[in-house]
Amino acid sequence: MADAPKIEVSRRGFLKGAGVTAASTVIESAKAFGREANSALQSVPTVGPGPLPIKLHINGEEHIVTVEPRYTLAETLRDNLGLTGTKVVCDRGSCSACTVWIDKVPALACMTLSVDAVGREITTIEGLSHGDTMHPVQAAFVKHDAMQCGFCTPGMVMSCAALLERNPNPSLADVKHAVSGNLCRCGTYPKVFAATLDVAQHRVASGLVTLSAGREA
Amino acid sequence: MNKFAFVDCKTVDEALGQLGDGATVKAGGIDLLDLMKDDIVFPAKLVNIRNVDSLRGITVSADGLQLGPLSTLSEIADHPEIQRSYSALSDAAGHAATPQVRNMATLGGNIMQRPRCWYFRSTDVDCKKKGGGSDECHAQAGENQYHAIMNNSTCAMVHPSSTAVPLLGMDAQVELTSKRGKRMVLMSNFYVPPEKSVINETVVQPGELITGIFVPAPAPGTRSAYQKYGEKESFDWPIADAGVVLVMDGALCRKASVVLGVAAPTPIRSKAAEAVLTGKTIDEATARAAGKAAMQDATPLSQNGYKVQLFQTAIYRTVLLAAGQMQRDPSAIG
Ligand SMILES: Cc1cc2nc3c(=O)[nH]c(=O)nc-3n(C[C@H](O)[C@H](O)[C@H](O)COP(=O)(O)OP(=O)(O)OC[C@H]3O[C@@H](n4cnc5c(N)ncnc54)[C@H](O)[C@@H]3O)c2cc1C
Ligand code: FES
Ligand code: FES
């Protein structure tokens, strides 16, 4: 396909609007992004189609990455930042393998533009654990052997952990509902349900669960 | 995806100023990115309205329900007053797509999404919806198991919006704003049948933004329900969905709206089913008769005759659910 016609970016307007120092053209906050004081019609700065630097808040850290507006958050996470825990399977919003939290809410990285994630708080699977200490949901997945090929697992964990943040005491129906969009072709659902309910019943603490400890009957 | 420029707007005026010259509105981006990844549309510029605060928010008053077009499907599904007084709408929003999609998808984008017809969504196929050279609807003689069973002679696509079904049944209005001003469009006039335009599914013109959706307050005694059927139980696109709004006086039905989604190229009200219910006591027999009446003019294609039976059952069960005579159907999606 032909590239879109080149669109003029007013660098001055952009800098002013983004509220950053002249040394940097990084877009860094949703509020500042695109805002001009008393902006009238047409005065909003346009970015792209070429690459531009943006600042993303991921797992409590700031990252400056150079992206084209067409790069999805999944691509930026995996290809630019090496955060390959977020998986891409369908790239069309229909499998939830790429689930991350955006402002604490489960969302699809494959259907989010990176430029649209500026100023939001992004949490990926890498952000759930603390060093070698797993998040309780991760530990419970190990304990219950809730994965086979593991490709859906990061997305599954993000959905289950988000559920427990909202509702620390979910029913089986609540867990089923929370992962109703997460496709697992290996059919691990029963163990995913058991693992999540186990965390809710406080039987799994955070921390590394050794395989032998996890394999009790 | 093609390369495009991106402009993030904070106000309706900013967004209106950016429209034109190959620019496309982006809300949640779920349908738009899907179409762009498949090379069905390739806008030169995306006008991001997701951060326009004035397009957000849900207000319930004595006049009715005012929905900002950026309300997400999750916000609508979880809203206690919508659940109480406009339950078909919260049900439709809550049973569309997946939890993650519902967290991102907006109401405006949901009623504006493009059809799922696989001929339309394939770059390999030239179809008249895409304005190409072809004068054919490939679904008519092709793979048509999910296509329209009514009004399908020009183009057999179905509009997939789940929320449009209750919005039509509740006589909602859509506020459209352009640089020239505002206009209100009744939901019953919002979708354009293929006989009128095979390219555009809605009356929304280039340069217009949906800036509000208004649902008038229900009359006393109003009860509503929505149910959606698909191939999978967990989440799926509808292959039949029904929305029913009844104004009840005891067991007697004073007024009925029966809306069918994915039966025809646009969501449609079944006047025949409504006539069966109006002035009658709602029971199993009237509910079944309504389902039959709704399907009397069906013209199924080679592979979708099964949808006729499915719709009869969907309407029958949704009428009883609306009347409070049945629990949610466990075989419906959700
Ligand atoms: C796996 C999956 C399953 C799904 N199942 C269902 C389902 O069961 N039922 C259902 O209804 N949907 C379903 N969907 C579709 C989904 O709900 C829609 O794609 C979504 O609601 C679109 O909203 P959006 O905000 O993301 O729109 P966008 O993608 O941002 O926009 C869609 C279109 O609307 C236009 N637009 C958006 N907002 C405005 C506005 N305010 N004014 C003017 N134009 C506007 C855009 O220009 C674009 O053309 C499913 C999607 C997926 C991925
Ligand atoms: S990869 Fe994002 S939903 Fe499938
Ligand atoms: S473990 Fe293989 S897809 Fe879920």
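Residues numbered from 1 in each chain as written. Chains lettered and ligands numbered in written order. Predicted model: local features only at pLDDT ≥ 70, side-chain atom pairs only at ≥ 80, totals over all residues. Heavy atoms only, no water.

1. Comments concerning the overall build of chain B
Looking only at helices and strands, one finds 13 helices and 12 strands in chain B. Taking 20 Å as the expected radius of gyration for a compact globule of 334 residues, we find that chain B reaches 19 Å, a close match to that expectation. Out of the 334 residues in chain B, the part that is buried amounts to 61%. About 12,600 Å² of surface is accessible on chain B, with carbon and sulfur atoms providing 51% of the total. (Helix = DSSP H or I, 4+ residues; strand = E, 2+ residues; numbered from the N terminus. Rg over C-alpha atoms; globule rule 2.2 N^0.38 Å. Buried < 20%, exposed > 50% of the residue type's maximum accessible area, 1.4 Å probe, protein only. Areas by Shrake-Rupley, 256 points an atom, 1.4 Å probe, with all protein chains shown as cover.)

2. Let's talk about helix 13 (residues 306-322) of chain B
Residues and elements named next belong to chain B. If you check helix 13, its first and last C-alpha atoms are 24 Å apart, about what 17 residues at 1.5 Å a residue would give, namely 24 Å. In this fold, the buried residues of helix 13 make contact with strand 9 (222-229), strand 10 (240-249), strand 11 (252-261), helix 11 (271-277) and helix 12 (284-294). Positive backbone phi, at 80 degrees, marks Gly324, one or two positions downstream of helix 13. (Expected span 1.5 Å × (residues − 1). Contact = heavy atoms within 4.5 Å.)

3. A few points about unusual backbone geometry
Of note, the amide linkage connecting Gly48 of chain A to Pro49 of chain A takes the cis form, showing an omega dihedral of 0 degrees. Mapped onto the fold, Pro49 of chain A is located in the loop between strand 1 (46-47) and strand 2 (52-58). A positive phi angle, close to 55 degrees, is found at Asp145 of chain A, a residue other than glycine. The phi dihedral of Val262 of chain B is positive, around 45 degrees, even though this residue is not glycine. On the basis of relative accessibility, which here comes to 3%, the residue Val262 of chain B falls in the buried class.

4. Brief notes about the site of ligand 1
Residues in close proximity to ligand 1 total 35 residues, the closest being Val25, Ala27, Gly29, Thr106 and Lys228 of chain B. The environment around ligand 1 is built from residues contributed by chains A and B. In this structure, an oxygen atom belonging to ligand 1 sits 2.8 Å away from a main-chain N or O atom of Leu32 of chain B. Between Ile210 of chain B and ligand 1, the recorded distance is 2.8 Å, taken from a backbone N or O atom to a nitrogen atom. For ligand 1, whose free accessible area comes to 980 Å², the fraction covered by protein is 96%. For the shell around ligand 1, the secondary structure elements donating two or more residues are strand 2 (23-26), helix 2 (30-37), helix 7 (107-112) and strand 8 (209-216) of chain B. Considering every element that reaches the shell around ligand 1, the biggest residue donor is helix 7 of chain B, with 4 residues. For the shell around ligand 1, the class distribution of residues is 18 nonpolar, 12 polar and 5 charged. (Near = heavy atom within 4 Å. Polar contact = N/O pair within 3.5 Å; in protein donor to acceptor, adjacent residues only side chain to side chain. Nonpolar A, V, L, I, M, F, W, Y, C, P; charged D, E, K, R; others polar.)

5. Re the packing of aromatic side chains
Applying the stated criterion across every chain yields a total of 3 aromatic pairs over all chains. With 5.5 Å between their ring centres and 55 degrees between their planes, Trp118 of chain B and Tyr146 of chain B make a pair best called tilted. You can see Trp118 of chain B sitting in the loop between helix 7 and helix 8 (138-141) and its partner Tyr146 of chain B sitting in the loop between helix 8 and helix 9 (164-169), a full 28 residues away along the chain. The exposure class of Trp118 of chain B is partly exposed, given its relative accessible area of 35%. Relative to Tyr191 of chain B, the ring of Phe190 of chain B has its centre 5.1 Å away and its plane inclined at 90 degrees; by these criteria the two rings are edge-to-face. Across the ring face of Phe151 of chain A, the terminal group of Lys87 of chain A is positioned such that the distance to the ring centre comes to 5.8 Å. The aromatic ring of Phe235 of chain B is capped on one face by Lys232 of chain B, whose charged end is 3.8 Å from the ring centroid. (Phe/Tyr/Trp six-rings, centres within 6.5 Å; stacked < 30°, edge-to-face > 60°. Lys NZ or Arg CZ within 6 Å of the ring centre and 35° of its normal.)

6. Here we look at the confidence of the model for chain B
Looking at chain B, the pLDDT average stands at 96 and 100% of residues meet or exceed 70. Among the scores for the predicted complex, ipTM is 0.95 and pTM is 0.92. (pLDDT = per-residue confidence, 0-100.)

7. Observations concerning the nonpolar core
Residues and elements named next belong to chain B. One finds Met187 and Phe190 to be the most contacted residues of the largest nonpolar core, which totals 69 residues. Look past the residues within four positions of Met187 in its chain and what remains in contact with it is Ile111, Ala164, Leu167, Leu168, Ala172, Gln173 and Val174. By size, the runner-up hydrophobic cluster in this structure holds 38 residues, among which are Ala148, Leu260, Ala314 and Tyr316. (Core = buried A, V, L, I, M, F, W, Y, C linked by side-chain atoms within 4.5 Å.)

8. Considerations on the interface of chain B and chain A
Taken together, the contact pairs 40 residues of chain B with 48 residues of chain A. Of the roughly 3,700 Å² buried at the junction of chain B and chain A (both faces included), carbon and sulfur atoms supply 59%. Contact with chain A buries surface across chain B, with Lys3, Phe6 and Gln100 of chain B losing the most and accounting together for 20% of the total. For the pair chain B and chain A, the number of links is 6 salt bridges. Asp116 of chain A is the partner of Arg50 of chain B in a salt bridge, and the nearest nitrogen-oxygen pair spans 2.7 Å. Between chain B and chain A we count 15 residue pairs in polar contact (both at pLDDT 80 or more) in total. Listing elements by their share of the side of chain B that touches chain A, those giving two or more residues are strand 1 (5-8), helix 1 (12-18), helix 2, strand 3 (45-48) and helix 6 (99-104) of chain B. When residues of the side of chain B that touches chain A are assigned to their parent elements, the largest contribution, 6 residues, is made by helix 6 of chain B. Across 2 bridges, the pairing between strand 1 of chain A and strand 1 of chain B is antiparallel. Its bridge partner lying in strand 1 of chain B, Val47 of chain A is registered against Phe6 of chain B. (Buried area = accessible area lost by both parts, 1.4 Å probe. Salt bridge = Lys/Arg side-chain N within 4 Å of Asp/Glu carboxyl O. Pairing = 2+ DSSP bridges.)

9. Looking at the domain arrangement of chain B
Segmenting chain B into domains produces domain 1 (1-53), domain 2 (54-112 + 159-216) and domain 3 (222-322). A C-alpha centroid distance of 36 Å is found between domain 1 of chain B and domain 3 of chain B. (Domains from an automatic or database assignment.)

10. What about the packing of helix 3 (residues 136-144) of chain A against helix 6 (residues 189-200) of chain A?
All names here are of chain A. Contact pair helix 3 / helix 6: the axes reach a minimum separation of 8 Å and the direction vectors enclose 130 degrees. Of the possible angle classes, the one that applies to helix 3 and helix 6 is oblique. Along this stretch, helix 3 crosses helix 6, giving a crossing that reads as right-handed. Side by side, helix 3 and helix 6 meet where Pro136, Val137, Ala140, Phe141, Lys143 and His144 of the first sit next to Lys191, Val192, Ala194, Ala195, Thr196, Asp198 and Val199 of the second. (Axes fitted to C-alpha atoms, helices over the stretch in contact; angles between N-to-C directions. Parallel < 35°, antiparallel > 145°, perpendicular 65-115°, else oblique. Left-handed = near helix turned anticlockwise from the far one by under 90°.)

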